[in-house]
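Observations on the model geometry
Take a look at the letters that make up each chain.
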Amino acid sequence: MYTIILAGGSGTRLFPLSRTTYPKQFIPLLGNESLFQKSVKRALLHSKPEEIYIVTNEEHKYLVEDQLNQIDTECNILLEPCGKNTLPAITYAVTQIRKTNQTAPILVLPSDQLVDDGENYKNAVHTAELLTKEHLLIAFGIIPTSPHTGYGYILPGTPQGNGYKIGKFVEKPDLPTAEKYLREGYLWNSGMYCFSADTFMNELHKYAPEIAEAFTHPVPEAYEKTPKISIDYGLMEKTKKSAVVSLKATWSDMGSFDALYAVQEKDSQGNVVKGEYLTPDGQNNLIISDRLVATIGLSDIAVIDTTDALLVCPKNQSQHVGEITSLLKNAGDERADLHTTVHRPWGQYTILLKGNTYLIKRLTIHPGSRLSLQYHYHRSEHWVVVSGTAEVTNDNNTFFVRTGESTFIPAGIKHRLSNPGLIPLEVIEVQNGEVLTESDIVRIDDDYQRDNEKY
């Protein structure tokens, strides 16, 4: 079986933990592994690494590669030129899989879900795989545990093997409607699917021919031609060959802090704490912070504290957090997109202190990696090595800078920082100048083929 993992989400609903450049699927929200890494391991239950296709974008390419390296797995990575929702992303991957196997059974997994992959999950996938032989497109429906208003629902119809024909799809309901759906046997729409490659393409030609035609062209042109549409709207709600397999398992789309709270271990007062929390009376709170948080007279709230942003809200209102991200984007505030820690293909940097004419960063460069050969018009840089040994190019000179040593790079001088060692290289960078943004980078040579628009 082949697996498609959709990993192109922008991560607005868990701000300030997630940002555009570091969305929720890549954050280790539960333990030491990200939801993306958990999804890859779940895919490996049914697929070989070479049978796994990850659909993401240029911005997240190196995050995907880095997190795959952390779990010692190599998969196929497909880069979308732009996001067009799930149906074009799935079509892109299916067209690539069909180059190897025209009739392959394919499992589609979102990368940002928490799913119990025990026997119930394995049995449901096996059932779905058998149904693909009947030329059906199968959705996985989660048996609800509550009348949730944040999920879409599926009504099972007449039996179809060990599954059901789909009666109908419905959108996120209000609470009374959700309660009614539970009484009537509706399932949560998980966003997971299974089908054979040929059945998918045949139904796509019938019900979304503009998308099928678009992907007869090279990928950049295909994405220009294809509409932005989900697999449910574009195909599953139209086809006569849809079915649903029910799954009784712990499942969450991790779409809000309320959902994150629900799956975490609580203390005796019902609080979920990552960090240090003091309270004489707080109950059922979600606290995430690297510093001490203290509350008085507050219960059922979320306090999410990062270096550059603090969110406080009732837990049951946390599904509106995306509105904060929209406000920041509308104001042109880069905090909607960037953490103080920013991941790059060579490692990462963290902003430690910022003023009008100075910026202090901590750079971490992976062993064997290096920054681009570059220069800046508006700033100088002072590098201090705090761990490891750096190989520095400064104008026409190349030399080593060891722990405790430093070097100065004047504005306008080409330079490069490399890590030739076997351990991560840690460098404190002090920038001085009138323009301290990432846009003041002119690349001369780059191992990652980035142009000057891609920082």
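As the structure is a computational prediction, the values presented were derived from the model and not from experiment.

Conventions adopted
Residues numbered from 1 in each chain as written. Predicted model: local features only at pLDDT ≥ 70, side-chain atom pairs only at ≥ 80, totals over all residues. Heavy atoms only, no water. Helix = DSSP H or I, 4+ residues; strand = E, 2+ residues; numbered from the N terminus. Rg over C-alpha atoms; globule rule 2.2 N^0.38 Å. Contact = heavy atoms within 4.5 Å. Areas by Shrake-Rupley, 256 points an atom, 1.4 Å probe, with all protein chains shown as cover. Phe/Tyr/Trp six-rings, centres within 6.5 Å; stacked < 30°, edge-to-face > 60°. Buried < 20%, exposed > 50% of the residue type's maximum accessible area, 1.4 Å probe, protein only. Pairing = 2+ DSSP bridges. UniProt positions renumbered as here; feature names shortened; annotations may be inferred. Axes fitted to C-alpha atoms, helices over the stretch in contact; angles between N-to-C directions. Parallel < 35°, antiparallel > 145°, perpendicular 65-115°, else oblique. Left-handed = near helix turned anticlockwise from the far one by under 90°. Nonpolar A, V, L, I, M, F, W, Y, C, P; charged D, E, K, R; others polar. Polar contact = N/O pair within 3.5 Å; in protein donor to acceptor, adjacent residues only side chain to side chain.

A separate point is the overall build of the protein chain. When helices and strands are counted, the protein chain shows 11 helices and 26 strands. A compact globule built from 455 residues should have a C-alpha radius of gyration of about 23 Å, and the protein chain, at 24 Å, falls within 12% of that. In terms of overall dimensions, the protein chain has a C-alpha envelope of 75 × 60 × 40 Å along the principal axes. Long-range contacts, defined here as pairs at least 24 residues apart, represent 67% of the contacts in the protein chain between residues at least 6 apart. Only carbon and sulfur atoms are counted for the fraction: they give 50% of the accessible area of the protein chain, which is about 20800 Å².

The next point concerns the packing of aromatic side chains. The tally for this structure, following the rule as stated, stands at 13 aromatic pairs. Where Tyr2 meets Tyr53, the ring centres are 6.4 Å apart and the plane angle is 35°; that geometry is what we call tilted. Here Tyr2, found in strand E1 (residues 2-6), pairs with Tyr53, found in strand E2 (residues 52-57); they are 51 residues apart in sequence, far enough to count as distant. Assigned by exposure class, Tyr2 and Tyr53 land together as buried.

With that settled, consider the environment of Met192. When you line up the elements, Met192 lands in strand E9 (residues 187-196). Residue classification places Met192 among the buried positions, given a relative accessible area of 1%. Here Met192 is in contact with Val108, Leu109, Pro110, Gln113, Tyr121, Ile138, Ala139, Phe140, Ile142 and Leu247, once residues within four sequence places are set aside.

Once that is clear, we can look at the pairing of strand E24 (residues 415-418). Here E24 shows two buried faces, one formed by His415 and Leu417 and the other by Arg416 and Ser418. Looking at chain direction, strand E21 (residues 390-394) and E24 are connected through four bridges and run antiparallel. Across the sheet, Val392 pairs through a bridge with Leu417, a residue of E24.

Here we come to the UniProt feature "domain: Mannose-6-phosphate isomerase type II C-terminal" (unreviewed entry) in the protein chain. As recorded in UniProt, the feature "domain: Mannose-6-phosphate isomerase type II C-terminal" (unreviewed entry) lies at residues 332-446. Summarising residues 332-446: 0% helix, 55% strand, and an end-to-end C-alpha distance of 28 Å.

With that settled, consider the packing of helix H3 (residues 86-97) against helix H6 (residues 197-207). Running from amino to carboxyl end, H3 crosses H6 at an angle of 130°, the nearest separation of the two axes being 11 Å. Judged by the angle between their axes, H3 and H6 are oblique. When the axes of H3 and H6 are compared, the crossing they make is left-handed. Contacts between H3 and H6 involve Leu87, Ile90, Thr91 and Val94 from the first element and Ala197, Phe200, Met201 and Leu204 from the second. Taken together, the residues of the contact of H3 with H6 sort by class into seven nonpolar, one polar and no charged.

Let us now look at the sheet that holds strand E17 (residues 347-354). Strand order in the open sheet formed by six strands is E16-E17-E18-E25-E20-E23, and the pairing between neighbours is antiparallel. Whereas interior strands pair on both sides, the edge strands pair on one side only; in this sheet they are strand E16 (341-344) and strand E23 (406-409). Each strand of the sheet is rotated relative to its neighbour by a mean of 20°, with strand direction disregarded. Taken together, the eight bridges between strand E20 (residues 379-387) and strand E25 (residues 425-433) define a ladder with antiparallel strand orientation. Following the sheet pairing, Ser380 is matched in E25 by Asn432.

Along the polypeptide, Thr364 turns up in strand E18 (residues 358-365). The buried category is assigned to Thr364, whose relative accessible area is 14%. Engagement of the side chain of Thr364 in a polar contact is seen with the side chain of Glu426, the distance being 3.0 Å. Ignoring any residue separated from it by four or fewer positions in sequence, one finds Thr364 in contact with Trp346, Gly347, Gln348, Pro424, Leu425 and Glu426.

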